[in-house]
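Each chain is listed here by its residues.
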Amino acid sequence: MKCIFPFLLLLATLGVSCSDDDVSGQVAAQVSLRFNHNWDGEEFQTSNFNTVGYANLNGEKMSVERLRYLISDVTFESSDGSSFTVEGYNLVDLTNETGLSYQLSDSVPVGNYTNVYFTFGFDNEDNQNGIYPDLNTALWNVPEMLGGGYHYMQLEGKFIDSTQTETGYQYHAIRAVDNSGEELVFEDTFFQVDLGPVEIQQNSTIAISMNIAEWFKNPNQWNLNQLHSMMMPNFEAQKAISQNGKTVFSLEGVFQE
Amino acid sequence: MKRPIIIVLFLMLLVACSKSEGGEAPEYTATPLSLDVPAFFQENILAPVIPITNPLTEEGVALGKKLFFDPILSADNSISCAECHAPSSAFTDTDRFSDGVNGVLGNRNAMPLFNLAWNFDERFFWDGSATSLEDQVFHPITDATEMANTWEKVIGALEANSEYTDMFLSAFGEGEIDSLKVARAIAQFERTLISGNSKFDRFLAGELELTEAELNGRDVFMDETRGDCFHCHGNPNNPLWTDNLFHNNGLDSTFVDLGLGRVTGDPADNGKFKSPSLRNLAFTPPYMHDGRFATLEEVIDHYSEGLQNSDTVDPLMKKVAQGGVQLTEQDKADLKAFLLTLSDDEFISNTAFREQ
C-alpha cells in the first residue's frame, strides 16, 4: 500500500498538467503509419496468403506467400515549401505481421500539410551496406556483388504458368544495377510515395494501403511467364518494378486518436 | 515548469517503495554472467535473447552443464543430452536417427546446438514445436524415443544427490528442485554455446585469405542466378547463416513428415522445416531433418538437380521443374569449399563446453 498513494498523486498531477494542451495548445503530435493491403480493392491479409486465385492484369492466376518491404524518411511538407522529416525506416512484414504499424520516432508539429510522403526503399545515402543490425538480422541484405545495401521489397508466391504448372515467382526490388561490365552501373529505383494533403491536429494514425495487383499492372503489364525469377541482377526488371511501384500506395485516411 | 514537480514525485515514489516489506530477508541472487559475445555479432545483428525470467548466472550455467552431460536425466541412467549432442560434433551426433534409452530410434536428425540465443522467434526443433529453449528441454526427457523418463523420477534422483542439491541451491536459492529449474539451468548452459571463429570469420576480420575456390564458392552462394543460397541462409553481414525460419526446400512431392504443418495445423505449412545454420557443416553430417543426405555433395546435388515440386515448395526454390539451379561441377565443388570455411574448429574443442 505504501507505493500507491504517491503514484496516484503523480498520475493525477501529470493528467492535470498535460490536459490543457489537448484543448487548443498542442504543438506536436504522435503519428503512426498503418499499412494495409488490398488486391484491386479487395482487402488482402496474411490469411489470404497461399491461395493461387488472384488474377493479375496479364490474366495469370497467382498467390502471395511472402511480402516484406521497407519504407523510410516520412516527410511532412507545408504550403510554404518547408518540410519536416522523421529520419528512420520501417520494415513492413505482412508474412509475420510485423511492422504493419510504424510509430514515428519524433513528434510531428501539428498543422495542415500539403503533402505527406515517404521513400519506398532507401535513398542512396541510407542504403549503406550492412549498417542496420535489425535488417541484417532479417537477412534483408543485397549481395555485395550487386552493390550491397538492402532490399526494398520481397514479394513471392506462385503462379499458374503456360503449362498449367504452379511455379514460384520472386518479385524482389533493389537498386537497379547493371553487372554485365567491369564496373557496376547503378540506376536509382527508390521512389517517393506521395500521400497528398494531411491534417495533423492531434495524435493520429495515417492509414495507407498497398494494392498488390498494381505491381503487375501500370505502366508495365507484367508477364510472369516471361519474367518471374532472378530479378535482382536484372537491370531492366528493376527499373520496371520501380515504375510500377509509383501507383501501388494510396492514402486510406487519417484517424485522430 | 512541470519537470520539478515530476522529479519530486518520482523521488517520493522511490522513497516509498525502496524499503522491503516487514524486514524480510533479501531474495537470493546467484552471480550474474554475461555471454561472451563476439564483437562482430554485437556490431552486425541484434542482441541475444535472454529471458528476464531466466538470467544467466555462473551457478546456473555450471548446473546446466553438469545436467547436460549427466545420464541421470534418462530412465535407465544410460544416456545424457550429450549422447546425441556431442561437443565433437558441434553438439549433434553422426547418426541419421539417434537411439534412445532402449535403442528406439527417433524420426528426425538431432540438431546441432550453437548460437541458440539468437533465435529471435524462439521456435526450436525442426518443426518449431518448442517455443523457448526452456520449453525445448522438457521434450527429450520424457520422450519415449529419447530419455523416456518421468519428471518424478528425475527430481527424485536429483534430490537424492547432495552435489545437485547444493548446486540447485547455489543457482536458484532456497526451494525444492523442480522441472522448471532443470530446464532453466540447461537452457542457460545452451545459451553459452557460441560459435564465432570459423575460417570465414577470420577472413572477414582480415586475418587470412580464402582460396580461389572458396571465393568462387562464396560468389555461387551469393549469386541469385547460381546458388541463391543467401535468401534463407544469410550473408557475411549476419554471422548466424540461417534465417531461423521454416521452408519446404523441395525434398519430397508428398510428405511422410508434415514438419511445421503438424504443429500449426495449417496445410500451407506442410513439409516445412527450420533452416539449419550452415556453420559447422564439417562436423554435422548427415544433413536435412531426416538425415537423408550423408554428404555435402548430396545436399548440393539436391538443390541443383533434385528438387521435388509440391503445393508448399518455397517460391525461393528456383527452376523446380528442371530439378533446381543446375550448377556446374566446378561451382558445386567450390560451393562445398566455401561452406566448409564456415566450420569452427575452436568451437568443437572449447574446453568450457566439454565435460570436465
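Predicted, not measured: the structure shown is a model, and the values here were computed from it.

### A few points about the overall build of chain A
For chain A, the helix and strand inventory stands at three helices and 19 strands. C-alpha atoms of chain A, sized along the principal axes, occupy 70 × 45 × 40 Å. For chain A, buried positions account for 39% of its 257 residues. Contacts spanning at least 24 positions in sequence make up 72% of the contacts within chain A whose residues lie at least 6 apart.

### Quick notes on the overall build of chain B
The number of helices and strands found in chain B is 15 helices and two strands. Looking at chain B as a whole, 45% of its 356 residues qualify as buried. When contacts within chain B are restricted to residue pairs at least 6 apart in sequence, long-range pairs at least 24 apart make up 69% of them.

### Describing the domain arrangement of chain B
All names here are of chain B. In terms of domain boundaries, chain B breaks down into domain 1 (39-194) and domain 2 (199-347). Centre-to-centre, using C-alpha coordinates, domain 1 lies 27 Å away from domain 2. At the interface, 25 residues of domain 1 touch 27 residues of domain 2. When grouped by side-chain class, the residues that make up the side of domain 1 that touches domain 2 number eleven nonpolar, ten polar and four charged.

### Observations regarding the confidence of the model for chain B
Residue and element names in this part refer to chain B. Averaged over every residue, the pLDDT of chain B is 93; the share at 70 or more is 93%. Confidence drops under pLDDT 50 across residues 1-22; counting only partners more than four residues distant or on other chains, this segment forms 16 contacts. Two numbers describe this predicted complex: its pTM, 0.91, and its ipTM, 0.91.

### Quick word on unusual backbone geometry
A cis geometry characterises the amide bond from N218 of chain A onward to P219 of chain A, with omega recorded as 5°. Its place among the elements puts P219 of chain A in the loop between β18 (204-211) and α3 (235-245). Of the consecutive residues P285 of chain B and P286 of chain B, the connecting peptide bond is found in the cis state with omega at -5°. Within the fold, P286 of chain B resides in the loop between β2 (273-274) and α13 (296-305). Even without being glycine, N115 of chain B reaches a positive phi, approximately 55°.

### Considerations on α3 of chain A
Residue and element names in this part refer to chain A. Taken as a whole, α3 has its buried residues at Q238, I241, S242, N244 and G245. On an axial view of α3, the arc spanned by its buried residues comes to 165°, and they lie on one face. Those residues of α3 that are buried lie in contact with β11 (115-120), β13 (166-173), β14 (176-178) and β16 (191-194).

### What to know about the confidence of the model for chain A
Per-residue confidence for chain A gives a mean pLDDT of 92, with 90% of residues at or over 70. Note that pLDDT drops below 50 for residues 1-24 of chain A; the model gives that stretch 18 contacts with residues more than four away or on any other chain.

### A few points about the environment of F35 of chain A
Residues and elements named next belong to chain A. For F35, the position within the fold is in strand β2 (residues 31-39). Here the alpha-carbon distance between F35 and D134, two residues 99 residues apart in the chain, equals 20 Å. Not counting chain neighbours up to four residues away, the residues in contact with F35 comprise V92, L100, I208 and M210.

### What about the packing of helix α3 (residues 58-68) of chain B against helix α7 (residues 162-172) of chain B?
Residue and element names in this part refer to chain B. At their nearest, the axes of α3 and α7 sit 8 Å apart, and the two run at 145° to each other. Helix-helix and strand crossings are classified by hand; for α3 and α7 the assignment is left-handed. Contacts between α3 and α7 pair E59, G60, A62, L63 and K66 from the former with M167, F168, S170 and A171 from the latter. Classifying every residue of the contact of α3 with α7 gives five nonpolar, two polar and two charged.

### Concerning the environment of F91 of chain B
Residue and element names in this part refer to chain B. With respect to the secondary-structure elements, F91 resides in the loop between α4 (81-84) and α5 (133-142). Given 27 C-beta atoms within a 10 Å radius, F91 is considered buried. Taking the C-alpha atoms as reference, F91 lies 17 Å from A62; in sequence the two are 29 residues apart. Leave out the neighbours within four places in its chain, and F91 touches H85, A86, P112, L113, F114 and L193.

Rules behind the numbers
Residues numbered from 1 in each chain as written. Chains lettered and ligands numbered in written order. Predicted model: local features only at pLDDT ≥ 70, side-chain atom pairs only at ≥ 80, totals over all residues. Helix = DSSP H or I, 4+ residues; strand = E, 2+ residues; numbered from the N terminus. Buried ≥ 20, exposed ≤ 12 C-beta atoms within 10 Å, placed from the backbone. Contact = placed C-beta atoms within 7 Å. Domains from an automatic or database assignment. Nonpolar A, V, L, I, M, F, W, Y, C, P; charged D, E, K, R; others polar. pLDDT = per-residue confidence, 0-100. Arc of directions from axis to C-beta. Axes fitted to C-alpha atoms, helices over the stretch in contact; angles between N-to-C directions. Left-handed = near helix turned anticlockwise from the far one by under 90°.

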